[in-house]
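As a plain string of letters, each chain reads:
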Amino acid sequence: MSARLGPAWRSALWLAFGVVAVVLLRKAQPSYEDKLAPFVVRGALGQRVEARDLAVVVDGVRLARRYRVADIGDESRVLRTPGVWLSVVLEAEVLREPAPISARLHTRDGYDYQAAGDDRPRVRGVNLSGIELAPGLPARGAFFFELPPAQVPGARLQIYRGPLTPGQMDSLIEIDLGTGAQTAEQVQARIADEIDLRS
Amino acid sequence: MSDAAPVSRSGARQRQRLWLLGAALLGAWALYAPYREARQAYARTHPLRPVDVPTAASAAYEGARWRLLNLTERDRPGQRDDARVLVARFEVVADEGTTPRQLDRCRSRISDARGRVWNADAFGQLGVRHTLPQACGSGTGADFRRIEARPGKPWQFEQVYQVPRGLDAKTLRPEIFMPWPEREPAGRYLRFTP
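Quick notes on the rules
- Residues numbered from 1 in each chain as written.
- Chains lettered and ligands numbered in written order.
- Predicted model: local features only at pLDDT ≥ 70, side-chain atom pairs only at ≥ 80, totals over all residues.
- Heavy atoms only, no water.
- Phe/Tyr/Trp six-rings, centres within 6.5 Å; stacked < 30°, edge-to-face > 60°.
- Helix = DSSP H or I, 4+ residues; strand = E, 2+ residues; numbered from the N terminus.
- Buried < 20%, exposed > 50% of the residue type's maximum accessible area, 1.4 Å probe, protein only.
- Lys NZ or Arg CZ within 6 Å of the ring centre and 35° of its normal.
- Disulfide = S-S within 2.5 Å.
- Contact = heavy atoms within 4.5 Å.
- Buried area = accessible area lost by both parts, 1.4 Å probe.
- Salt bridge = Lys/Arg side-chain N within 4 Å of Asp/Glu carboxyl O.
- Polar contact = N/O pair within 3.5 Å; in protein donor to acceptor, adjacent residues only side chain to side chain.
- Pairing = 2+ DSSP bridges.
- Axes fitted to C-alpha atoms, helices over the stretch in contact; angles between N-to-C directions.

1. Things to note about the packing of aromatic side chains
All names here are of chain B. A complete count under the given rule lists nine aromatic pairs over all chains for this structure. Pairing Phe90 with Phe157 gives two aromatic rings, centres 5.2 Å apart and planes at 20 degrees, and the pair type is stacked. Taken as a pair, Phe90 in strand E4 (residues 83-94) and Phe157 in strand E9 (residues 154-164) lie far apart in primary sequence, 67 residues in all. For Phe157, a relative accessible area of 0% corresponds to the buried category. These aromatic residues form a ring-pair network of at least three members: Tyr61, Trp66, Phe90, Phe157 and Phe192. Of note, Arg109 hangs over the ring of Tyr189, and the distance from its end group to the ring centre comes to 5.7 Å.

2. Thoughts on the state of the cysteines
Residues and elements named next belong to chain B. Per the counting criterion, the structure on display carries one disulfide over all chains. What pairs with Cys106 in a disulfide is Cys136, and their sulfur atoms sit 1.6 Å apart. One end of the pair, Cys106, is in the loop between helix H2 (100-103) and strand E5 (107-111); the other, Cys136, is in the loop between strand E6 (117-119) and strand E7 (138-140), and 30 residues separate them in sequence. Under the relative-accessibility criterion, Cys106 is labelled buried at 12%. Owing to a relative accessible area of 0%, Cys136 belongs among the buried residues under this scheme.

3. A few points about the interface of chain A and chain B
Listed by partner, the interface residues are 10 residues for chain A and 12 residues for chain B. A combined buried area of about 800 Å² lies between chain A and chain B, and 52% of that area is made up of carbon and sulfur atoms. It is A:Arg96, A:Pro98 and A:Leu137 in chain A that bury the most area against chain B; as a group they hold 54% of the surface buried on that side. On inspection of chain A and its partner chain B, the count reaches zero salt bridges. Summed over the shared surface of chain A and chain B, the result is four residue pairs in polar contact (both at pLDDT 80 or more).

4. Points about the environment of A:Gly83
Residues and elements named next belong to chain A. Among the structural elements, Gly83 can be located in strand E4 (residues 76-94). For the pair Gly83 and Gly180, spaced 97 residues apart in sequence, the C-alpha to C-alpha distance is 19 Å. When sequence neighbours within four positions are dropped, the list of residues in contact with Gly83 reads Leu147, Pro148 and Pro149.

5. So, the sheet that holds E6(B)
All names here are of chain B. One open sheet accounts for five strands, arranged E1-E11-E10-E5-E6; its pairing is mixed. Both outer strands of the open sheet, strand E1 (49-54) and E6, are each paired with one neighbouring strand and no more. Taken over all neighbouring pairs, the strand axes of this sheet differ in orientation by 30 degrees on average, direction set aside. As judged from the six bridges shared by E1 and strand E11 (residues 188-193), these two strands associate in the parallel manner. Residue pairing across strands places Arg49 opposite Arg188, the latter belonging to E11.

Note that all results are geometric; they support no functional claim without further evidence.
Laid out in structure tokens, this is it:
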């Protein structure tokens, strides 16, 4: 075939091939965000997941419409949310350097729900938001999230070092919360009316 | 055209070899230079290059001489079962021209042989009662007046660390680091070895 083509045609074919290759490579080129994206380490409930400088074991997930928390003296008060409270109980440990850890829920629709601050709910020694961890001294506690009930199915828990967003080119632990196969009705059925966080 | 001298193949190869070598060197430098710059920027605020100082010896660092006096365990009420509190006592003698404010920039942490580190309790969260100032160049005296390190006079201070129980204190290395150094190369820090 190539013997029948003249040198001009051969050059034109090579040029076309080069242009197509450039276009395809350019389309497949990762964006700046992709290049600096954190390295995702995936795991499941009950499994110890170890990343570069962070290890977690997520024990379970609970859903509630409201929390009952301690107030001044022996009083209690109710903490409500326009959506639903989702709490994850876990044990976390940094492996090399002291650091706070943060968590967020990444939903099927692509939304991220950051864990509530250390005052929502304020449960000393339980709410891990803003707590600095040290190597060899694991912390057991929970992260609390407020989100619409419809966003619960398929939501994944993401845990990382640092106070804000996941660090560029750092590790990000992603835990499958096991809600992927649940329908909205099944999620509704799992929501407790109230969880007492005083004990 | 036909009178032109034939091109020497070995000469062409030689020229290409030099060009390729130059391109390779430039490429390598293009990778290394940003890395070096980023590392330098990081070193201004993070300890990177340790200077090992044997216990009881002193070392010059950022306009003063530094010495670790001792590392002891201290009880703390309500301490978690798997942790213990260690207190490192340091002595620093400032050179002429070094101010307490410059010394107060110091940060401390403690490391083990595996490279794990624990920061000093800078904000008193551990609730340990101190018998010495915690800052490297100033503090509050018994009558609540400000006291400061003077050039040539020894100044003692202490740093508190919470580490996992079971670690041998003799293998731990208290460290002193000055961010934004004025005299030392960036990233250099003192590591007091047992």
